[in-house]
Every structure is written in C-alpha cells, then in structure tokens.
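Observations on the model geometry
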Amino acid sequence: MKPVLAVVGSMNMDLVARAPRMPIPGETIIGGEFRVVPGGKGANQAVASARLGARVSLIGRVGDDSFGRTLIDGLDSSGVDVTHVRIDAATATGVALIVVDDTGQNSIVVAPGANMCLSPADVDAAQQAILAADVLLLQLESPVHTVKRAAELAKAHGITVVLNPAPAQPVPDALLALVDILVPNESETVMLTGLPVGDERACAVAANVLLEMGVATVILTLGDRGALLAHQGSFNRVPAFPVSPVDTTAAGDAFLGGFAVALAEGRPLPEAVVWGNAAGGLATTKLGAQPSLPTREAVEAVVSKYEEEHRAPCI
Ligand code: RIB
C-alpha cells in the first residue's frame, strides 16, 4: 500500500538568477542564467513525497493568475492531489526571488501573497485529506494559526505531525506541544534555541534543548555535515552523501519528503533519516526547487549504496 501524506503549506513561483557571488547591500552585479521554476516549501515537500511514491494531498492557496495556474498544473502532473488548493481572487500567487551563487548556496526573499491567506477554515475544509494521512507535513511559510489548526486536527486523531520550522522564526509553545517530530536546519536551530551548532557537541546540546521543550523527536539537518537524530535520550548522527552541489534550494524540502515517505512506510527513524539525507543530497545536484527533486529509483540507489557501506562485517 502506498504511504499517504498530507501537506499544509506554501506554493511559490521561484524567480531564480545565477550569480558568481551574492551582492552586498546597495550593490548591483551582473549574474548569469535566469529561470522561472515552481517552488514553495509546502509544494516542494508535496512533490518530493509524490516522486518517492506517496499519495499526497496539498492544502494551500494561490492567486487567480498565470503563476498560480502553472503551479497547480505542475503539482497535478507530479501526482499531487490539488483538490484542496484554493484559488484566491483577491491576492497574487506567492513569489520567491532567489540568487544562487557559484558554490550552490542561495539567498531567498519570499513575497508570500496568497500563502498568507491560507486559513484555519481551509484546513477544516480539507479535514478528510488530513485524517486519511499517515503523516502530516507542516512548515512556517503559512500563517502560524493555520499551521496550528492542522496540527491540532492531526494530533487529535493520532496522525504523526512533522514540523519543519522554516523559514526561521520563533515557534509558539502551543504549536510545539502538538509536534511529534521537529526538523530544523542550522539557522532554524539557532533561532529556536539561541545556541550555536558549530560542532557535533554543540549540535547535541541544542537538540537536547529542543527535546526539553517537549518534542519527542528532533532531527537537525546540517547540510554537508548530514543530520543529527535525537530521540528518547539517544543521539544518532547520519552522515551526508558526498555530492557536488549546483544549487542547495529545496534540499531541506527533499529531506522532509524522503524522511516522511520512509517513516510512513514504517521504516525505523534512523533509516528514515538516511532516506531524507539521500533525497536532500540528490536535490542539490540540479538547479531549481521542484525540478531538482529526485525519483524513488535515484534515492533507492543511494540508500542501497549507504547500506552496503555501513553493513556490519560478517564474522
Ligand atoms: O525551500 C525552498 C523554497 O523556499 C523555495 O522553493 C522558495 O519558494 C521558498 O519557499
């Protein structure tokens, strides 16, 4: 049986320019290639999960414009159920302005548009899709009270609630209390804990602070340092896969998709983190958000190689 996921989150059209380096304030620099690609953290996580074989429903909002229609069509052709994507006549579709430098790092400004009109009533209207899911995926590019409403619904019905607290911002205690698995990256961890994440020990201390806030499972995603899984007093570091990054945009979203699909398939947490790392690493090897999200075949190949390398030797 296919794993079933629900995602409540954002949809953006990404306007991506390559540049040799990031401009400093007040500076204009001449960049390179420009592309318009579908993105948005919610939509990216939905597409990442669908590409890995899950049945996924996205609850979101776009404007009544060509970007919105293109985003919906793209999700539909990736196999994401868009029944609960509402077209808002009063606002524009969300847009992200992205610069990607020669090292593959990015800088992003999001003009959220319709994403900020996603309401608790939209979540209630999609109740059936949320309650049918094994896992609910949430991020913070939508209004926090809407995210909280989705978490409340899922939690009340025993559905695993995964929060990716991105982009970095404070998370109300009332929302954290509803979260089963928190997946922040480095800057989000610093924002939530006020602590550095410079080395392995610092990461463990920060993860522990997040556990003490009442979340049962914390996974820090650490870019080319891999991920740290903290659960029931134990810490498990899962290394990243070696890649030559072209663009790190949506690597975190790919991680969330890979992790959530593996979890919904009943794989143990450490194995699900390996799936997340594989999907996240592969996503950095192509330009753009949704075009870079890997297929199941590609992720399985990387995971098998990892298992082969980490298999205990026979005695
Ligand atoms: O996580 C990457 C995404 O962040 C981009 O696709 C952009 O739309 C912003 O939401």
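All of the points below concern the structure found in this document. (Residues numbered from 1 in each chain as written. Predicted model: local features only at pLDDT ≥ 70, side-chain atom pairs only at ≥ 80, totals over all residues. Heavy atoms only, no water.)

To continue, consider the site of the ligand. Near the ligand you find N12, D14, G39, G40, K41, N44, A96, V110, E141, A250, D253 and A289, and these make up its full shell. The separation between an oxygen atom of the ligand and a polar side-chain atom of K41 is 2.8 Å. For the ligand, an oxygen atom lies 3.0 Å from a polar atom in the side chain of N44. Taking 280 Å² as the accessible area of the ligand by itself, protein coverage stands at 96%. (Near = heavy atom within 4 Å. Polar contact = N/O pair within 3.5 Å; in protein donor to acceptor, adjacent residues only side chain to side chain. Areas by Shrake-Rupley, 256 points an atom, 1.4 Å probe, with all protein chains shown as cover.)

Here the focus is the sheet that holds strand 7 (residues 94–100). Strand order across the open sheet formed by 4 strands is 3-2-7-8, with mixed pairing between neighbours. On the outer flanks of this sheet lie strand 3 (34–39) and strand 8 (106–111), each paired with one strand and no other. Between one strand axis and the next, the sheet turns through 20 degrees on average, direction left out of account. Of the strand pairs in this sheet, strand 7 and strand 8 are connected by 6 bridges, and their pairing is antiparallel. Looking at the pairing, V95 lines up with A111 of strand 8. Taken strand by strand, helix 2 (residues 66–77) contacts strand 2 (12–18), strand 3 and strand 7, and its axis lies near 95 degrees from that of strand 2. (Pairing = 2+ DSSP bridges. Helix = DSSP H or I, 4+ residues; strand = E, 2+ residues; numbered from the N terminus. Axes fitted to C-alpha atoms, helices over the stretch in contact; angles between N-to-C directions. Contact = heavy atoms within 4.5 Å.)

In this section: the side chain of D253. Tracing the chain through its elements places D253 in helix 9 (residues 251–264). Despite its burial, D253 pairs with no opposite charge; the closest candidate is K41, at 5.1 Å N-O. A polar atom in the side chain of D253 sits 3.0 Å from the side chain of Q45. Once residues lying within four places of it in the same chain are set aside, the contact partners of D253 are K41, N44, Q45, A48 and N164. (Buried < 20%, exposed > 50% of the residue type's maximum accessible area, 1.4 Å probe, protein only. Lys, Arg positive; Asp, Glu negative; His and termini not counted. Salt bridge = Lys/Arg side-chain N within 4 Å of Asp/Glu carboxyl O.)

What follows deals with the environment of L137. Along the polypeptide, L137 turns up in strand 9 (residues 135–138). L137 gets classed as buried once you look at its relative accessible area, which sits at 0%. Residues L137 and I181 lie 44 residues apart in sequence; the distance between their C-alpha atoms is 9.8 Å. Contacts of L137, omitting those with residues within four sequence positions, involve L5, A6, V7, V8, Q45, S49, V162, L256 and A260.

A complete count under the given rule lists 2 aromatic pairs for this structure. Note on F241 and Y306: the rings are 5.5 Å apart at their centroids and 75 degrees apart in plane angle, and the pair reads as edge-to-face. One end of the pair, F241, is in the loop between strand 14 (234–238) and helix 9; the other, Y306, is in helix 11 (residues 296–310), with 65 residues separating them in the sequence. Accessibility assignment for this pair places F241 and Y306 in one class, buried. (Phe/Tyr/Trp six-rings, centres within 6.5 Å; stacked < 30°, edge-to-face > 60°.)

Moving on, we come to helix 1 (residues 41–51). Here helix 1 lies mainly inside the structure; 9 of its 11 residues are buried. Restricting attention to buried positions, one finds in helix 1 the residues G42, A43, N44, Q45, A46, V47, A48, S49 and A50. A positive phi of about 105 degrees marks G53, the residue just after helix 1.

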